[in-house]
Amino acid sequence: MSFKSMVKGHELAYVTKILAIFGAVEERQMQRLFSFLSDSEYGKIMTLLAREGQFYRTPDARYLTFSRLRFEKLNVSSSVDCFWAFLELKDRVQDFCAGEPPAIITMSAQTTDYDLIPVSGENTEQINENAEELPERTVRFLVTRDLNLLTDIDRRFKNDYAILVDENGVVETYEL
């Protein structure tokens, strides 16, 4: 099932769910996610959510988040990077929810679960500690802008992948 068919008619709910899970995304990312909508349809949804106070747009109009306070406390780069990965995987997904840290999001497909985990120098220990607790069938996507950060990650025997992103989205995916 495509993302479009899953969310069609429920876009308002999915925008708020995505902001609740990721914390912050770039406006252009949200527009890409809902690219199946016309500009007018997308604009109506965002206007309604703004009127209802359901999100905060940064003064430069680059980011969307629930609130200014949450935005200031968030690792925005990690959220944005994981959202780029989500955009790549969205059509495989049947459902998704907030992930168990260090994962930002857990997504389920027919026979597989996916965790999107941002990799920064600060969370390596937490990633390594949680690796043993994950079911073997869970695919762990380690999302990073710097492949060198993966050198300290303990790899599992299977279902570990790295997703390299840049400011314009996913560049490459590697099996570890």
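Definitions and limits used
- Residues numbered from 1 in each chain as written.
- Predicted model: local features only at pLDDT ≥ 70, side-chain atom pairs only at ≥ 80, totals over all residues.
- Heavy atoms only, no water.
- Pairing = 2+ DSSP bridges.
- Helix = DSSP H or I, 4+ residues; strand = E, 2+ residues; numbered from the N terminus.
- Axes fitted to C-alpha atoms, helices over the stretch in contact; angles between N-to-C directions.
- Contact = heavy atoms within 4.5 Å.
- Disulfide = S-S within 2.5 Å.
- Buried < 20%, exposed > 50% of the residue type's maximum accessible area, 1.4 Å probe, protein only.
- pLDDT = per-residue confidence, 0-100.
- Core = buried A, V, L, I, M, F, W, Y, C linked by side-chain atoms within 4.5 Å.

**Comments concerning the sheet that holds strand 6 (residues 113-118)**
Here is step 1: Strand order across the open sheet formed by 6 strands is 4-5-6-7-8-9, with mixed pairing between neighbours. The sheet is open, and its two borders are formed by strand 4 (95-98) and strand 9 (169-175), each paired with just one other strand. If you compare each strand with its neighbour and ignore which way they point, the axes differ by 25° on average.
Here is step 2: Both strand 4 and strand 5 (residues 105-108) contribute to a ladder of 4 bridges, which runs antiparallel. When the sheet's bridge partners are listed, aspartate 95 is paired in strand 5 with serine 108.

**Points about the side chain of serine 79**
Here is step 1: Residue placement: serine 79 occurs in helix 6 (residues 76-89).
Here is step 2: Discounting residues that sit within four places of it in the chain, serine 79 has contacts with Phe22, Ala24, Leu74 and Ile104.

**Some points on the sheet that holds strand 2 (residues 56-57)**
Here is step 1: Taken together, the 3 strands give an open sheet; going across it, the order is 1-3-2, and neighbouring strands pair in antiparallel fashion. Strand pairing shows two members of the sheet lacking a second neighbour, strand 1 (24-26) and strand 2, which therefore form its edges.
Here is step 2: Pairing between strand 1 and strand 3 (residues 63-65): 3 bridges, direction antiparallel. The residue bridging glutamate 26 from the neighbouring strand is tyrosine 63, located in strand 3.
Here is step 3: The strands touched by helix 2 (residues 11-22) are strand 1 and strand 3; relative to strand 1, the strand with the most contacts, the crossing angle is about 115°.

**Topic: the state of the cysteines**
Here is step 1: Per the stated rule, a full pass over the model turns up 0 disulfides.
Here is step 2: Cysteine 97 provides the cysteine sulfur closest to cysteine 82, a residue in no disulfide bond, and the two sulfurs are 14 Å apart.
Here is step 3: Residue classification places cysteine 82 among the buried positions, given a relative accessible area of 0%.

**Quick word on the pairing of strand 9**
Here is step 1: In the sheet, strand 8 (residues 160-166) pairs with strand 9 via 6 bridges, with the strands oriented antiparallel. Residue pairing across strands places valine 165 opposite valine 170, the latter belonging to strand 9.
Here is step 2: Between strand 8 and strand 9, which pair antiparallel one after the other, the connecting turn spans 2 residues.

**Points about the confidence of the model for the protein**
Here is step 1: For the protein, the mean per-residue pLDDT works out to 94, and 100% of the residues sit at or above 70.
Here is step 2: Within the protein, the lowest mean pLDDT, 91, falls on helix 5 (residues 68-73), and the highest, 98, falls on strand 6.

**Remarks on the nonpolar core**
Here is step 1: Core analysis: the biggest nonpolar cluster contains 45 residues, and Phe22, Met30, Phe34, Phe86, Phe96 and Leu116 have the highest contact counts within it.
Here is step 2: Broken down by element, the residue count for this core peaks at 9 residues, all from helix 6.
Here is step 3: In this view, phenylalanine 86 contacts Phe3, Phe22, Leu33, Phe96, Ile105, Met107 and Leu116; residues no more than four positions away in its chain are not counted.

**Structural notes on unusual backbone geometry**
Here is step 1: Following proline 101, the chain continues to proline 102 via a peptide bond in cis, the omega torsion being 20°.
Here is step 2: Along the chain, proline 102 turns up in the loop between strand 4 and strand 5.
Here is step 3: Phi at alanine 61 is positive, roughly 65°, even though this residue is not glycine.
Here is step 4: Within the secondary structure, alanine 61 sits in the loop between strand 2 and strand 3.
Here is step 5: Under the relative-accessibility criterion, alanine 61 is labelled partly exposed at 39%.
Here is step 6: Of note, the phi angle at asparagine 159 is positive, near 70°, even though the residue is not glycine.

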